[in-house]
Amino acid sequence: MTDGSDETLPEEEAALHPRLWMLDEFDGEIDGQLKFHKSLVQFRNNTDMEKDDWPFIRAYRGPMDQGFSSILESYDDLELVYREKDGEIHIYRETDKGNRFVRALKNGLRILKKDQTEERETQLELVAKANKDRIGSEIEQDDDIQELKDAPIGTEV
């Protein structure tokens, strides 16, 4: 991590904007914070990313992304993501500006870091395809999430 940064990923990983990219792979909308968190942890676990590079905290409902709220708030401030609350459900929508940003990011990374980008893009697509029509509590029951729920609450997983 870089000093003085609110980002919870090392600078090289943060430049890939996995949260924004994940939202894009869900066709620009994810209904539910739980669904978003669990999809992100499944993505991290299916790539070569080290758990120490992007730790999640074991919370009551399983692993939660530590920097999620502040980063999504920043994306909202930049008008890349629109956040709203419908009752108890948080809804995250990619804006047109956010969509253009992700397209440019993907195109640039395909040129600069072809192999790494292809692997990440494939994993994001797989997670989105598997979770798109599921709710967070269903994803929470997946074996990989259940394994992480064995850790004591409050620990990094």
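Please refer to the structure higher up on the page.
Residues numbered from 1 in each chain as written. Predicted model: local features only at pLDDT ≥ 70, side-chain atom pairs only at ≥ 80, totals over all residues. Heavy atoms only, no water.

Moving on: the side chain of D142. Among the secondary structure elements, D142 is positioned in the loop between α7 (136-139) and α8 (143-148). Setting aside chain neighbours within four positions, we find D142 in contact with Q42, N131 and R134. (Helix = DSSP H or I, 4+ residues; strand = E, 2+ residues; numbered from the N terminus. Contact = heavy atoms within 4.5 Å.)

Turning our attention to the pattern of salt bridges. Taken as a whole, this structure holds 14 salt bridges when the rule is applied. The partner of K106 in a salt bridge is E25, and the shortest N-O contact between them spans 3.0 Å. Taken together, the residues span a long stretch of sequence, with K106 in helix α5 (residues 96-112) and E25 in helix α2 (residues 18-25) at a distance of 81 residues. Taking the relative accessible area as the measure of exposure, K106 reaches 6% and is therefore buried. Of the residues examined, E25 reaches a relative accessible area of 12% and is grouped as buried. Taking the shortest distance from any N to any O, the salt bridge between K132 and D27 comes out at 3.1 Å. Of this pair, K132 sits in the loop between α6 (114-131) and α7 while D27 is found in the loop between α2 and β1 (29-31), placing the two residues 105 residues apart along the sequence. (Salt bridge = Lys/Arg side-chain N within 4 Å of Asp/Glu carboxyl O. Buried < 20%, exposed > 50% of the residue type's maximum accessible area, 1.4 Å probe, protein only.)

Of the strand pairs in this sheet, strand β2 (residues 56-59) and strand β3 (residues 62-65) are connected by four bridges, and their pairing is antiparallel. Looking across to β3, one finds that F56 is bridged to D65. (Pairing = 2+ DSSP bridges.)

Moving on, we come to the environment of Y75. With respect to the element layout, Y75 can be found in helix α4 (residues 68-77). Setting aside anything within four residues of it in sequence, one finds Y75 in contact with H17, R19, L20, L80 and V81.

To continue, consider the packing of helix α3 (residues 33-45) against α4. Interhelical geometry of α3 versus α4 gives an angle of 105 degrees and a closest axis separation of 12 Å. As summarised for this structure, α3 and α4 are arranged roughly perpendicular, according to the angle between their axes. On α4, the residues touching Q33, F36, H37 and L40 of α3 are F68, S69 and L72. Per-class residue counts for the contact of α3 with α4 are four nonpolar, three polar and no charged. (Axes fitted to C-alpha atoms, helices over the stretch in contact; angles between N-to-C directions. Parallel < 35°, antiparallel > 145°, perpendicular 65-115°, else oblique. Nonpolar A, V, L, I, M, F, W, Y, C, P; charged D, E, K, R; others polar.)

The three strands are arranged β1-β5-β4 in an open sheet whose pairing can be described as antiparallel. This sheet does not close on itself; its edge strands, each paired only once, are β1 and β4 (81-86). On average, each strand axis in the sheet is inclined to that of its neighbour by 15 degrees, with strand direction left out of account. Pairing of β4 with strand β5 (residues 89-94) involves six bridges; the strand directions are antiparallel. Counted as the bridge partner of V81 is E94 from β5. Sheet contacts for α4: β4 and β5; angle to β4, the most-contacted strand, approximately 115 degrees.

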